[in-house]
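# A closer look at the structure
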Amino acid sequence: MKKHNFSAGPSILAPEVFQKASKALLDFEGTGLSVIEISHRSPEFVRVIERARALALEIAGLDDSYTTLFLQGGASMQFLMVPYNLLETKAAYIDTGTWANKAQKEAALFGNAEVIASSKADGYKYIPKNVTVPTDIDYLHITTNNTIYGTEYHSLPQTSVPLVADMSSDIFSRPLDYKQFSLIYAGSQKNLGASGSTLVIVKKDLLGKVSRKLPSMMDYQLHIKNDSMFNTPSTFAVYVNLLVLEWIQAQGGLQALGKRNRAKADLLYGEIDRNPLVVGYANKEDRSLMNVVFNLTDESTKERFDALCKEANISGIKGHRSVGGYRASIYNALPLQSVQVLVDVLKEFERTA
Ligand SMILES: *Cc1c(COP(=O)(O)O)cnc(C)c1O
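Residues numbered from 1 in each chain as written. Predicted model: local features only at pLDDT ≥ 70, side-chain atom pairs only at ≥ 80, totals over all residues. Heavy atoms only, no water.

As recorded by an unreviewed UniProt entry, the protein carries the name Phosphoserine aminotransferase and is attributed to Capnocytophaga ochracea. Taken from UniProt, the Sequence similarities (unreviewed entry) comment for the protein reads in full: "Belongs to the class-V pyridoxal-phosphate-dependent aminotransferase family. SerC subfamily." (UniProt positions renumbered as here; feature names shortened; annotations may be inferred.)

## Concerning the sheet that holds strand β2 (residues 66–71)
Strand order in the open sheet made by the seven strands is β2-β10-β9-β8-β5-β3-β4, with mixed pairing throughout. A single partner strand is all that each edge strand has here, and the edge strands are β2 and β4 (112–118). Averaged over all adjacent pairs, the angle separating strand axes in this sheet is 20°, with direction ignored. Note: β2 against strand β10 (residues 198–203), six bridges, orientation antiparallel. For tyrosine 66, the partnering residue across the bridge sits in β10 and is lysine 203. (Pairing = 2+ DSSP bridges. Helix = DSSP H or I, 4+ residues; strand = E, 2+ residues; numbered from the N terminus. Axes fitted to C-alpha atoms, helices over the stretch in contact; angles between N-to-C directions.)

## Quick look at the packing of aromatic side chains
Scanning all chains against the criterion turns up 12 aromatic pairs. Taken together, a centroid distance of 5.0 Å and an interplanar angle of 55° make the contact between tyrosine 124 and tyrosine 149 tilted. One end of the pair, tyrosine 124, is in the loop between β4 and β5 (139–143); the other, tyrosine 149, is in the loop between β6 (145–146) and β7 (151–152), with 25 residues separating them in the sequence. Here the aromatic residues Phe294, Phe305, Tyr326 and Phe349 are joined through ring pairs into a cluster of three or more. Across from the ring centre of tyrosine 281, 4.9 Å away, lies the NZ or CZ of lysine 125, which sits over that ring. (Phe/Tyr/Trp six-rings, centres within 6.5 Å; stacked < 30°, edge-to-face > 60°. Lys NZ or Arg CZ within 6 Å of the ring centre and 35° of its normal.)

## Looking at the packing of helix α3 (residues 74–86) against helix α4 (residues 98–107)
Close contact between α3 and α4 brings their axes to 8 Å; oriented N to C, the two are set at 40°. Taken together, the axis directions place α3 and α4 in an arrangement best described as oblique. Read as a crossing pair, α3 and α4 show a hand that is right-handed. Each of Ser76, Phe79, Leu80 and Pro83 in α3 lies in contact with α4, whose residues at this interface are Trp99, Lys102, Ala103, Glu106 and Ala107. Of the residues contributing to the contact of α3 with α4, the split by class is six nonpolar, one polar and two charged. (Parallel < 35°, antiparallel > 145°, perpendicular 65-115°, else oblique. Left-handed = near helix turned anticlockwise from the far one by under 90°. Contact = heavy atoms within 4.5 Å. Nonpolar A, V, L, I, M, F, W, Y, C, P; charged D, E, K, R; others polar.)

What follows is the structure, encoded as structure tokens:
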């Protein structure tokens, strides 16, 4: 029986995506070949990556002053590719957790990567507000959703400098003015597909300004010139990206997904706030619509809660090792019905206390 998968990543995808992907593993669109054995230069695969790149731009509502790439190395590779390509004199980073911190550390290898705000002292329970952003910087880097702590930007920092965002765990989960960003990156395995590919959305005129020499694989412009096929792309992962992007469109796009995600989050946070046996981790105004982090008020009840979850076929809600407790990731593809199952478990947990 299929589990209710609350895993933080790799994570749940829509059933129709799994169905189509498994079919393509055996016979890709009637070619008599598997999607993982066709040439990446074949017209069939070129269509896949071209369609995926175009669809990502369309869903973001961006024009062709931007372009998209599907690269490898995960979001972690983007931590260094961003400063490689953009950091000439100085960049600013807002430290909202482990991932933001890792991104800043990589940038510091290339130049001045100043941390201009941090919520570390408070266990990353909130998003720093009213941050004064310097104007003499090459870019400002933020992490829009903090997967581990369950915080998310609900309004973006106002700045005239290029805004760069790690959107790995909340990309395409809500309507957003994507034009506010100059560069966005997201590992696929949360809201976009299987691990192995990373979406990069970049404003083309941002590039080509640094004086350092770039190794080929690190050079966004070279990847763009080669239509995101400078080397063999992660073909299967990109194919799954296409299926997920098509699924997003079929759902009604970001407007529809945003509404659904809001309803899921409201249902779960509502129960967490009501139930005296659990307590939410993040400050209310900054709560994530994607990762819901909570603790038991009495640690000695853990075994009973875990048993109830197991019985209800719930998987993947153990919290990150750095925070402990529980984390229910409720990404795009997780149905409301799964959230209802968890809410019912929480009610049962209270009832049988
Ligand atoms: C998961 C995650 C990462 C790491 O992604 P990899 O693809 O494993 O490199 C980076 N940033 C955020 C916000 C994440 O959620």
